[in-house]
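# Coordinate inspection notes
Residue strings, one per chain:
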Amino acid sequence: MRKILYISGTRADYGLMRNVLISIAKHPELKIEIVVTGMHLMVEFGKTINEVKKDKFKIHAVNSVYKNDDRGSMADFIGKFATGLTKKIKWIKPDMILVLGDRAEMLVGAIVGIFSGVPGRKPLQCLMIGMPLSSGIMASALALSSSRTASVVEASNPTSSS
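Below: a short report on this structure. (Residues numbered from 1 in each chain as written. Predicted model: local features only at pLDDT ≥ 70, side-chain atom pairs only at ≥ 80, totals over all residues. Heavy atoms only, no water.)

This brings us to the packing of helix 3 (residues 71–92) against helix 4 (residues 104–115). Following both chains from N to C, one finds helix 3 and helix 4 inclined at 40°, their axes separated by 9 Å at the closest point. Relative to helix 4, the element helix 3 lies oblique. For the pair helix 3 and helix 4, the sense of crossing is right-handed. Of helix 4, the residues touching helix 3 (which contributes Met74, Phe77, Ile78, Phe81, Ala82, Leu85, Thr86 and Ile89) are Ala104, Glu105, Val108, Gly109, Val112 and Gly113. In terms of residue class, the contact of helix 3 with helix 4 is built from 10 nonpolar, three polar and one charged. (Axes fitted to C-alpha atoms, helices over the stretch in contact; angles between N-to-C directions. Helix = DSSP H or I, 4+ residues; strand = E, 2+ residues; numbered from the N terminus. Parallel < 35°, antiparallel > 145°, perpendicular 65-115°, else oblique. Left-handed = near helix turned anticlockwise from the far one by under 90°. Contact = heavy atoms within 4.5 Å. Nonpolar A, V, L, I, M, F, W, Y, C, P; charged D, E, K, R; others polar.)

See below:
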């Protein structure tokens, strides 16, 4: 059984991935767990962790939120989330990490996963479904991944029209 850890920071990314996550959960050789953080935990954004809980996935919350809408607050969030996610990954021990999009949560997920040994030695274990390579965050994550010899697949957003 291979364990996949999905990282979600917003209702938007979760909504786009919900059917994929349900399909993974139904697969006999896969197990899905979800780390929720950021806007999911914030009352002003509807505390959407409750929506994720309704789907009955195994959830791990990393209590890192944006204090303000500015660059300094984003830097603080990134640092706190990286620390919290590192601890969760050591405990969860995923075989792969799945992220969607070009937000800070996804960049942190890719960086922490790589430096924590995920994907390890198995090829094509770090799957990033996200924005085109022109996205600065996605390009940074891909550059870091390839410099650490992880195998990364970058795909267009499945909901975008090409």
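In terms of burial, strand 1 (residues 2–8) is a largely internal element, six of the seven residues being buried. Chirality of the crossover, the property in question, places the unit of strand 1, helix 1 (residues 11–26) and strand 2 (residues 30–36) among those that are right-handed. Taken together, the three bridges between strand 1 and strand 4 (residues 96–100) define a ladder with parallel strand orientation. Its bridge partner lying in strand 4, Ile4 is registered against Met96. (Buried < 20%, exposed > 50% of the residue type's maximum accessible area, 1.4 Å probe, protein only. Right-handed = clockwise from strand over helix to strand, strands pointing away. Pairing = 2+ DSSP bridges.)

Once that is clear, we can look at helix 1. The terminal C-alpha atoms of helix 1 lie 22 Å apart, and with 16 residues this matches the ideal 22 Å at 1.5 Å per residue to within 8%. The largest bend in helix 1 is about 50°, located at Met17. (Expected span 1.5 Å × (residues − 1). Bend = angle between axes of the 7 residues up to and from the residue.)

Okay, the environment of Glu29 next. Locating Glu29 in the fold gives a position in the loop between helix 1 and strand 2. Given the relative accessible area of 54%, Glu29 is considered exposed. Excluding its chain neighbours within four sequence positions, the residues that come into contact with Glu29 are Met1 and Arg2.

Functional significance is not addressed by these values, which are geometric in nature.
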